[in-house]
Amino acid sequence: SDDGKLSFDEFKAYFADGVLSGEELHELFRTIDTHSTDNLDTEELCDYFSKHLGEYENVLSVLEDLNITILKAMDKTKKDYQEASNMEQFVTRFLLKETLNQLQSLQSSLECAMETTEEQTRQEREDPTKPEVLSFQWPGKRLARRLQRNNSLSSNSPYSSTGWIEEDSQWVIQINRLQKLIDRLEKKDLKLEPLEEEVLEENARSHLMIVQHQMSVIEEKVEEFRLALKQYLESASAQGGCLHVSIQTFPSNFHFIVYEFWENNNAWNSHLQMNYSKAFQRSNMDFLETPELITTMLVPGKY
């Protein structure tokens, strides 16, 4: 309620993780409430969690420094981008995209770790005698959560006579079938047959350029952004090389995706040099919560 302290209801709403029971959360609340006021203040929260930080003390410290560093870089980008040359602007966009990719990769790793620990805890609580074995791998690899083969349910299992095994037998059958299929795919040697290559003339314009813009807009700036986006799309659509433009919106989180189809790469590059395009990119520095993510792809025009 923005009064500088947390009641138990507020504490539970924020800290409940779907694993601890209500009674366990209440016990934790009483443990942190060293002043015995039935409310938690900042000092009590800091005192409790600071004792348990361990290696995460360094992690949080680095993240704080990273946040400050990124904000400084963004501020300088906002000031210098407009006056930069085309190549300098390209390098800036690349660095922003690469920074975002690195942060998303780190986020994926943390999400995998969170899912693993939560799932393991839930499994232990449901059946502490038969914990699920979780295999954790970093992004780019398959995140596998498999039941141990020697613990798989079978006709002579002591659990096979219980009611729930009869209820879930179909699920077990499907899981085993999927497991066998995955194992077969993992061992299968892929044979890639070469396709007939199409030789293109050096100056041929046979490829379409597809461009995707992903933009997360600051809530307070949505109306201004919509106006700027409308002007941008009208100007882009009027260009001779523009074949089609469409927008996908996600009102719940103010996320916009714009798709552009251009006759060829040259038409797209010419579009980037136009004043309306540069003006839209500059305005996005004020409208967007995170740097715009632009993805391009060339596809054969005849298709």
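Residues numbered from 1 in each chain as written. Predicted model: local features only at pLDDT ≥ 70, side-chain atom pairs only at ≥ 80, totals over all residues. Heavy atoms only, no water.

> Break down a nonpolar patch on the surface for me, with residues and values.
On the surface, a cluster of nonpolar side chains totalling about 700 Å² of accessible area is made up of Y56, V59, L60, L63, L66, L103, L106 and L110. For the nonpolar patch, the elements supplying multiple residues, two or more each, are α4 (56–80) and α5 (86–126). Ranked by residue count, the leading element in the nonpolar patch is α4, at five residues. Positionally, L60 belongs in helix α4. Given the relative accessible area of 46%, L60 is considered partly exposed. (Patch = residues over 30% accessible without salt bridge, like charges linked within 9 Å, V, L, I, M, F, W, Y side chains within 5 Å. Areas by Shrake-Rupley, 256 points an atom, 1.4 Å probe, with all protein chains shown as cover. Salt bridge = Lys/Arg side-chain N within 4 Å of Asp/Glu carboxyl O. Helix = DSSP H or I, 4+ residues; strand = E, 2+ residues; numbered from the N terminus. Buried < 20%, exposed > 50% of the residue type's maximum accessible area, 1.4 Å probe, protein only.)

> Help me get a handle on the UniProt feature "domain: EF-hand" (unreviewed entry) in the protein chain, residues and values and all.
Under the UniProt annotation, the feature "domain: EF-hand" (unreviewed entry) is placed at residues 20–55. Between the end C-alpha atoms of residues 20–55 there is a gap of 23 Å, over a span that is 56% helix and 6% strand. (UniProt positions renumbered as here; feature names shortened; annotations may be inferred.)

> For unusual backbone geometry, give the residues involved together with the corresponding values.
One non-glycine residue with positive phi stands out, namely S36, at about 55°. Looking at the element boundaries, S36 is found in the loop between α2 (22–32) and β2 (40–41). Its identity is not glycine, yet D38 carries a phi of approximately 60°, on the positive side. Here D38 shows up in the loop between α2 and β2. Classification of D38 by relative accessible area gives exposed; the value is 58%.

> Describe the packing of helix α8 (residues 222–237) against helix α10 (residues 275–287), listing the residues and the values that go with them.
α10 packs onto α8 with a crossing angle of 160° between their chain directions and a minimal axis gap of 10 Å. Considered as vectors, α8 and α10 are oriented roughly antiparallel to each other. Crossing geometry of α8 relative to α10 is assigned as left-handed. In this structure, α8 uses E224, F225, A228, L229, Y232, S235 and A236 to contact α10, whose residues at the interface are Y276, S277, F280, S283, N284 and F287. Its residues placed into classes, the contact of α8 with α10 shows eight nonpolar, four polar and one charged. (Axes fitted to C-alpha atoms, helices over the stretch in contact; angles between N-to-C directions. Parallel < 35°, antiparallel > 145°, perpendicular 65-115°, else oblique. Left-handed = near helix turned anticlockwise from the far one by under 90°. Contact = heavy atoms within 4.5 Å. Nonpolar A, V, L, I, M, F, W, Y, C, P; charged D, E, K, R; others polar.)

> Please give an account of the sheet that holds strand β5 (residues 207–216) that cites residues and values.
Read from one edge to the other, the open sheet built from four strands follows the order β6-β7-β5-β8, with strand pairing classed as antiparallel. Looking along the sheet, the strands with just one partner apiece sit at the ends: β6 (242–250) and β8 (293–300). On average, each strand axis in the sheet is tilted by 15° relative to the strand beside it, whichever way the strands run. Packed on one face of the sheet, α8 meets β5, β6 and β7 (255–262) and runs near 5° to β7. (Pairing = 2+ DSSP bridges.)

> Account for the pairing of β5, naming residues and giving values.
The element β5 is extensively covered by neighbouring structure, given that seven of its 10 residues are classed as buried. With eight bridges connecting them, β5 and β7 associate as antiparallel partners. The residue bridging M209 from the neighbouring strand is W262, located in β7.

> I'd like to hear about the packing of aromatic side chains, residue by residue, with values.
Taken as a whole and assessed by the stated rule, the structure comprises 12 aromatic pairs. With a centroid separation of 5.4 Å and an interplanar angle of 80°, the aromatic rings of F8 and F29 are classed as edge-to-face. Of this pair, F8 sits in helix α1 (residues 8–15) while F29 sits in helix α2, and the two are 21 residues apart along the sequence. There is no split in this pair, since F8 and F29 are both buried. Pairing Y232 with F280 gives two aromatic rings, centres 4.4 Å apart and planes at 15°, and the pair type is stacked. On the criterion of sequence distance, the pair formed by Y232 in helix α8 and F280 in helix α10 is long-range, its members being 48 residues apart. Across the pair, exposure class does not vary: Y232 and F280 are buried alike. Three or more aromatic residues link up through ring pairs in this structure, and these residues are F8, F11, Y14, F15, F29, Y48 and F49. (Phe/Tyr/Trp six-rings, centres within 6.5 Å; stacked < 30°, edge-to-face > 60°.)

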